[in-house]
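Topology and contacts: notes
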Amino acid sequence: MPIDDYEILESIGSGSYGECRKIRRRRDGRLLVWKEMEYGAMTETEKQMLVSEVNLLRELRHRHIVRYHDRLIDRQRYVLYIIMEFCEGGDLSAIIGQHKREHRAIDESFVWKMCVQLASALQVCHTRSKNGRGAVLHRDLKPANIFLDSNRNAKLGDFGLARVLNPDNAFARTFVGTPYYMSPEQVNYLTYNEKSDIWSLGCLLYELCALRPPFIATNQKELAVKISKGVFQRIPQQYSEELNDLIKLLLQVDEFRRPSIDQVLDHPVVQRRGAEYL
Ligand SMILES: CNC(=O)c1c(C)[nH]c(/C=C2\C(=O)Nc3ccc(Cl)cc32)c1C
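Residues numbered from 1 in each chain as written. Predicted model: local features only at pLDDT ≥ 70, side-chain atom pairs only at ≥ 80, totals over all residues. Heavy atoms only, no water.

Further remarks concern helix 8 (residues 220-229). By the N-cap criterion, in which a side-chain oxygen at the helix start approaches the backbone nitrogen of a residue two or three places on, helix 8 is capped by Asn219, the distance to Lys221 being 3.1 Å. Immediately beyond the C-terminal end of helix 8, within one or two residues, lies Gly230, with a positive phi of roughly 70°. (Polar contact = N/O pair within 3.5 Å; in protein donor to acceptor, adjacent residues only side chain to side chain. Helix = DSSP H or I, 4+ residues; strand = E, 2+ residues; numbered from the N terminus.)

Below, the structure is given as structure tokens:
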């Protein structure tokens, strides 16, 4: 059984769509992770979509996208195992939580590093749509879906499966947690598009600086109103005006005024402050 090729180590948390476990590949001792996804309750269409989604993701090879290695299927237990690279630095959500507890700001240099590395990962996905190969929109860019390797380089994880596992209820999936990063166009039930990922990137950079999302509320309705208005406090004064200006650019309510991912990476300040991290 291919599953026996791996030694199962500890659970490292439940990913967005299933249990994540650290594993060791027996043939070379390499540390990896696998995400367990039960597909028993899926329709044939959903299963087909999941297979094509995973195949698509296996094509996404980029230094700042979590590398998909393989997939195993346990047909007796109806479980799909997606085997991916191990990111020993954990996820950004834990990093933000730690800084918050310790009342310690995240260095601006790290924010710029995350900015350029995640933007370059998004560029690969958004560019696919231009090449007619089908866009892979992340749809769920948030701290819990961004992982760090041993050199604290960003790795974008948990791709596009949302479209499959919650085909018609992106809001339902989004509403599983509090949808802090939902864009104005999503709030207004318009389509999710590349510019929605740009909005989420802005929310993420904001949260790295302020240690809280730009829009917070006590309920979903109030949150939706705040997101639609797009009014938020400046990031803490210790962060530069140029970082504040970039975040304001990404968090424009009108998606047509938001930059494309190419424009973000071509932005002179991003070029200057981020070049060393690419
Ligand atoms: C407490 N958990 C962790 O520190 C942690 C570590 C060391 N790694 C992870 C997560 C992943 C990891 O290490 N590789 C991954 C590939 C895809 C996805 Cl969706 C998640 C991971 C986590 C959540």
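Now that the structure has been shown, the text picks up again.
Around the ligand sit 14 residues in total, of which Ile12, Val66, Glu85, Cys87 and Phe147 are the nearest. A distance of 2.9 Å is found between a nitrogen atom of the ligand and a backbone nitrogen or oxygen belonging to Glu85. Contacts to the ligand include Cys87, whose backbone N or O atom sits 2.7 Å from an oxygen atom. Within the complex, the protein chains bury 79% of what would otherwise be the 520 Å² of accessible surface of the ligand. Of all elements in the fold, only strand 3 (31-38) and strand 5 (79-85) reach the threshold of two or more residues within the shell around the ligand. (Near = heavy atom within 4 Å. Areas by Shrake-Rupley, 256 points an atom, 1.4 Å probe, with all protein chains shown as cover.)

Let us now look at the environment of Glu36. Inspection of the secondary structure puts Glu36 in strand 3. In the structure, Glu36 is positioned 16 residues away from Cys20 in sequence and 6.5 Å away in space, judged by C-alpha atoms.

Let us look at the packing of helix 7 (residues 194-210) against helix 9 (residues 241-250). Running from amino to carboxyl end, helix 7 crosses helix 9 at an angle of 145°, the nearest separation of the two axes being 8 Å. Crossing hand, helix 7 versus helix 9: left-handed. Contacts from Ile198, Trp199, Leu201, Gly202, Leu205, Tyr206 and Cys209 in helix 7 reach Leu243, Leu246, Ile247 and Leu250 in helix 9. The residue inventory of the contact of helix 7 with helix 9, partitioned by class, reads 10 nonpolar, one polar and no charged. (Axes fitted to C-alpha atoms, helices over the stretch in contact; angles between N-to-C directions. Left-handed = near helix turned anticlockwise from the far one by under 90°. Contact = heavy atoms within 4.5 Å. Nonpolar A, V, L, I, M, F, W, Y, C, P; charged D, E, K, R; others polar.)

If you add up the space inside the second largest pocket, you get close to 180 Å³. When contributions to the lining of the second largest pocket are tallied by element, the ones reaching two or more residues are helix 1 (44-59) and strand 4 (68-74). A total of five residues in the lining of the second largest pocket trace back to one element, the largest contributor, which is helix 1. Classifying every residue of the lining of the second largest pocket by side-chain character gives five nonpolar, one polar and four charged. (1 Å grid on protein atoms, 1.4 Å probe; cavity = no way out; pocket = protein on both sides within 12 Å on 5 of 7 lines; lining within 4 Å. Points joined across faces, edges and corners; volume = space filled by probe spheres on them.)

It is worth spelling out the packing of aromatic side chains at this point. For the coordinates displayed, the defined rule picks out six aromatic pairs. Here Trp199 and Phe215 contribute two aromatic rings whose centre-to-centre distance is 5.5 Å and whose plane-to-plane angle is 10°, an arrangement assigned as stacked. Of this pair, Trp199 sits in helix 7 while Phe215 sits in the loop between helix 7 and helix 8, and the two are 16 residues apart along the sequence. The exposure classification of Trp199 matches that of Phe215, with both residues buried. Between Phe215 and Phe232, the ring centres sit 5.7 Å apart and the planes meet at 85°, which makes this aromatic pair edge-to-face. Here Phe232 lies in the loop between helix 8 and helix 9 and Phe215 lies in the loop between helix 7 and helix 8, a separation of 17 residues in the sequence. Given the relative accessible area of 1%, Phe215 is considered buried. Through a chain of ring-to-ring contacts, three or more aromatic side chains come together here, namely Trp199, Tyr206, Phe215 and Phe232. For Arg152, the ring lying beneath its charged end belongs to Phe110, and the centroid distance is 4.5 Å. (Phe/Tyr/Trp six-rings, centres within 6.5 Å; stacked < 30°, edge-to-face > 60°. Buried < 20%, exposed > 50% of the residue type's maximum accessible area, 1.4 Å probe, protein only. Lys NZ or Arg CZ within 6 Å of the ring centre and 35° of its normal.)

This next bit is on the nonpolar core. With 64 residues, the main nonpolar core has Leu92, Leu205 and Leu208 as its most contacted residues. Setting aside its immediate chain neighbours within four residues, Leu208 contacts Leu92, Ile96, Ile106, Val111, Met114 and Tyr239. Ile3, Ile23, Leu32 and Tyr81 belong to the second largest nonpolar core, which has nine residues in total. (Core = buried A, V, L, I, M, F, W, Y, C linked by side-chain atoms within 4.5 Å.)

In this structure the tally under the stated criterion is 16 salt bridges. One salt bridge connects Arg25 with Asp28, and the closest N-O pair in it is separated by 2.7 Å. The exposure class assigned to Arg25 is buried, which follows from its relative accessible area of 10%. Its relative accessible area of 41% is what places Asp28 among the partly exposed residues. For Arg234, the salt bridge identified is with Glu241, shortest N-O distance 2.9 Å. Here Arg234 falls in the partly exposed class, since its relative accessible area comes to 24%. (Salt bridge = Lys/Arg side-chain N within 4 Å of Asp/Glu carboxyl O.)

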